Amino acid sequence: MQKRLTEMFIKNVKCDSDKTRVDYTDNGLILRVSRTGSKTFLYKYKVHQKHRTLKIGRYPDISLKQARDAVHLARTNLINGTDPQQGRDEIKKSVDRGLTVQQGLQVYIDKHAKQHLKIWHRQQSVYDKLPTTIQKIPITELDPKAIKAYLFDVGDTYPARANQILLYLKSAFAWLHKWDKIDDNIIKSIDTPYPKQNTKKRTVFLDVDELRALVQACYEWGYPYGYCTLVLIHTGQRKNEVAQMRWDELNLATGVWYLAGNRVKNKQPHTVPLSPSVINILQNTPRQDGSYVFSTTLGDKPIAHGSKIKQKLDSLTQIEKKWTIHDIRRTCNTNLSIMGINPITRAKILNHNTREIQGINDAYDINDYMQEKTIALNKYSAFLDGLRD
């Protein structure tokens, strides 16, 4: 049927349940909407007395503007005596050239990273946090100066993170260039903003007075952010692992927290013993309708333990040194070391690879070290509880 196509219409249109698909035509451009929800741009034409259909691409991978440009190029080829099917590569390149930075990076994630890279979700997170002024600009108009400015803006506080952002961008742009999605790889020429000699390995940890101030502030702040940070302090686990804790992962009766492989960095299932202090914190946490323990949406979504939470903790604790939430994890490991906990047990608690420590392949040691981990974390919790007295 004839219909003036707009981005809003395409975004919201659905196929009637009694039909397999429906076509909407706008000045030669066809939008085919299927019952499954897929939306495909097509162009139908006639050559040598035969009707043919050119598939342009799927929405939203292809924008409405890109689809219109592809139809215009196909018509030009037809007028010049070339079957648009034969000029398909040229049309495809035309569509690719119209990609915004955001669209180009998403193509890389969907077509390559998800299939081949375990860290694709980290790359996705970095790309999603790029400024809108960079994301929305066509790749062909992207200025390297904008990327450099963003990198140095991030690097003023987190130099290693700026290097990581550039590394992820270089991976994506190299792939896009290799597969002819872009003509020039402008990212390739950007040098690492903070060379290794300028990025020191972090050694920050909280001393006893600072840890006392943090623990007391968390109890004062309460649920959900204060309690979440307290569990992080007592267990030494990663920030997002704690923030996204689910009730079905916990067995408070036995004092165990089970983390599936898809919830942890190294993709290996991880079991964390819960000290009496942590169990008490969780028992005093309100049980809501949703699955997540720490939530402001009745458990439907987990909290985001981000920069605003850190700023609030800074105001509550008045800790003067420059520290990050991840330094709590280092503080846990350091204090466990001071208490005489051996390196293997500490690594098992933090869910680190113990291969280098043991000097043998982990396959030869299948001990889960649960007893050792329990003793160590109970000892550490007792130390933390003493800071409240």
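Residues numbered from 1 in each chain as written. Predicted model: local features only at pLDDT ≥ 70, side-chain atom pairs only at ≥ 80, totals over all residues. Heavy atoms only, no water.

Visitor: Give a detailed account of the sheet that holds strand β6 (residues 256-259), specifying residues and quantitative values.
Guide: Strand pairing within a sheet occurs via backbone hydrogen bonds; the two strands may be parallel or antiparallel. One open sheet holds the 3 strands; their spatial order is β5-β6-β7, and the pairing between them is antiparallel. Only two strands of the sheet have a single neighbouring strand rather than two, namely β5 (250-251) and β7 (270-273). Bridge count for β6 against β7 is 4 bridges, and the pairing is antiparallel. Directly across from Trp257, in β7, lies its bridge partner Val272. (Pairing = 2+ DSSP bridges. Helix = DSSP H or I, 4+ residues; strand = E, 2+ residues; numbered from the N terminus.)

Visitor: Explain the sheet that holds strand β3 (residues 39-47) to me, using residue names and the numbers behind them.
Guide: Strand order in the open sheet formed by 4 strands is β1-β2-β3-β4, and the pairing between neighbours is antiparallel. Pairing within the sheet leaves two strands with one partner each, and these edge strands are β1 (21-26) and β4 (50-59). Averaged over all pairs of adjacent strands, the angle between strand axes in this sheet comes to 30°, irrespective of strand direction. Note: β3 against β4, 9 bridges, orientation antiparallel. In the strand pairing of β4, Val47 is matched with Lys50. Relative to the sheet, helix α2 (residues 64-79) contacts β1, β2 (29-34), β3 and β4, its axis offset from that of β3 by approximately 10°. (Axes fitted to C-alpha atoms, helices over the stretch in contact; angles between N-to-C directions. Contact = heavy atoms within 4.5 Å.)

Visitor: For the packing of aromatic side chains, give the residues involved together with the corresponding values.
Guide: If you walk through the whole model with that rule in mind, you get 11 aromatic pairs. Measuring from centroid to centroid gives 5.7 Å for Tyr43 and Tyr45, while their planes differ by 20°, and the two rings are stacked. Owing to a relative accessible area of 5%, Tyr45 belongs among the buried residues under this scheme. Pairwise contacts between aromatic rings join Tyr108, Tyr127, Trp175 and Trp179 into one cluster. (Phe/Tyr/Trp six-rings, centres within 6.5 Å; stacked < 30°, edge-to-face > 60°. Buried < 20%, exposed > 50% of the residue type's maximum accessible area, 1.4 Å probe, protein only.)

Visitor: Got a sec to walk through the packing of helix α5 (residues 120-128) against helix α8 (residues 159-178)? Specific residues and values, please.
Guide: Describing two packed helices takes the angle between their axes plus the distance from one axis to the other. Between α5 and α8, the least distance of the axes is 10 Å, while the angle of their chain directions is 105°. Considering their axes alone, α5 and α8 lie roughly perpendicular with respect to each other. Facing Arg122, Gln123, Val126 and Tyr127 of α5, the residues of α8 in contact are Ile165, Tyr168, Leu169, Ser171 and Ala172. Of the residues in the contact of α5 with α8, the class split is 6 nonpolar, 2 polar and 1 charged. (Parallel < 35°, antiparallel > 145°, perpendicular 65-115°, else oblique. Nonpolar A, V, L, I, M, F, W, Y, C, P; charged D, E, K, R; others polar.)

Visitor: How would you summarise α8 if you had to cite specific residues and measurements?
Guide: Between its terminal C-alpha atoms α8 stretches 29 Å, which fits the 28 Å expected from 20 residues at 1.5 Å a residue. Among all positions of α8, only Ala162, Asn163, Ile165, Leu166, Tyr168, Leu169, Ala172, Phe173, Trp175 and Leu176 are buried. On its buried side, α8 packs onto α4 (101-116), α5 and α7 (144-155). One or two positions beyond α8, positive phi appears at Asp180, with a value near 60°. (Expected span 1.5 Å × (residues − 1).)

Visitor: Outline the nonpolar core, listing residues and values.
Guide: In terms of nonpolar packing, the biggest core is built from 43 residues, with Leu282 and Phe294 touching the most fellow members. If you list the elements that add at least two residues to this core, you get α9 (208-221), α10 (225-235), α11 (239-243), β6, α12 (276-283), α13 (307-317), α14 (326-338) and α17 (370-386). Listed in part, the 30 residues of the second largest apolar core include Val101, Ala113, Leu130 and Leu151. (Core = buried A, V, L, I, M, F, W, Y, C linked by side-chain atoms within 4.5 Å.)

Visitor: Lay out the pairing of β3 in plain terms, naming residues and giving numbers.
Guide: When you tally the buried positions in β3, you get 7 out of 9 residues, the bulk of the element. Both β2 and β3 contribute to a ladder of 5 bridges, which runs antiparallel. What sits directly across from Leu29, in β3, is Tyr43. Between β2 and β3, which pair antiparallel in sequence order, lie 4 residues; one of them, Gly37, sits at a positive phi of approximately 105°. Between β3 and β4, which pair antiparallel and follow one another directly, the connecting turn spans 2 residues, one of which, His48, has a positive phi of 55°.

Visitor: Tell me about the pattern of salt bridges, and name the residues and values.
Guide: The final tally for this structure, using the stated rule, is 12 salt bridges. A salt bridge links Asp26 to Arg4, with the nearest nitrogen and oxygen atoms 3.5 Å apart. Taken together, the positions of Asp26 in strand β1 and Arg4 in the segment before α1 (7-12) put the pair 22 residues apart, joining distant regions of the chain. Residue classification places Arg4 among the exposed positions, given a relative accessible area of 57%. (Salt bridge = Lys/Arg side-chain N within 4 Å of Asp/Glu carboxyl O.)

Visitor: So what's going on with the environment of Thr285? Residues and values would help.
Guide: Here Thr285 shows up in the loop between α12 and α13. With 58 residues separating them along the chain, Thr285 and Tyr227 place their C-alpha atoms 7.9 Å apart.

Visitor: So what about the packing of α14 against α17? Which residues, and what values?
Guide: Packing of α14 against α17 leaves a shortest axis separation of 10 Å and a crossing angle of 100°. Classified by the angle their axes make, α14 and α17 are roughly perpendicular. Facing α14, whose interface residues are Thr331, Cys332, Asn335 and Leu336, α17 presents Ala376, Tyr380 and Phe383. Residues of the contact of α14 with α17, tallied by class, amount to 5 nonpolar, 2 polar and no charged.

Visitor: Give me unusual backbone geometry: which residues, what numbers.
Guide: Omega for the bond connecting Tyr59 with Pro60 falls within 30 degrees of zero, at 10°, which places this linkage in the cis form. As for its position among the elements, Pro60 is in the loop between β4 and α2. Although it is not a glycine, Leu298 sits at a positive phi angle of roughly 60°. With a relative accessible area of 53%, Leu298 lands in the exposed category. Phi is positive for Asn351, which is not a glycine, with a value near 60°. Structurally, Asn351 can be placed in the loop between α15 (343-350) and α16 (355-358). Residue classification places Asn351 among the buried positions, given a relative accessible area of 10%.

Shape descriptors only; they carry no functional weight alone.
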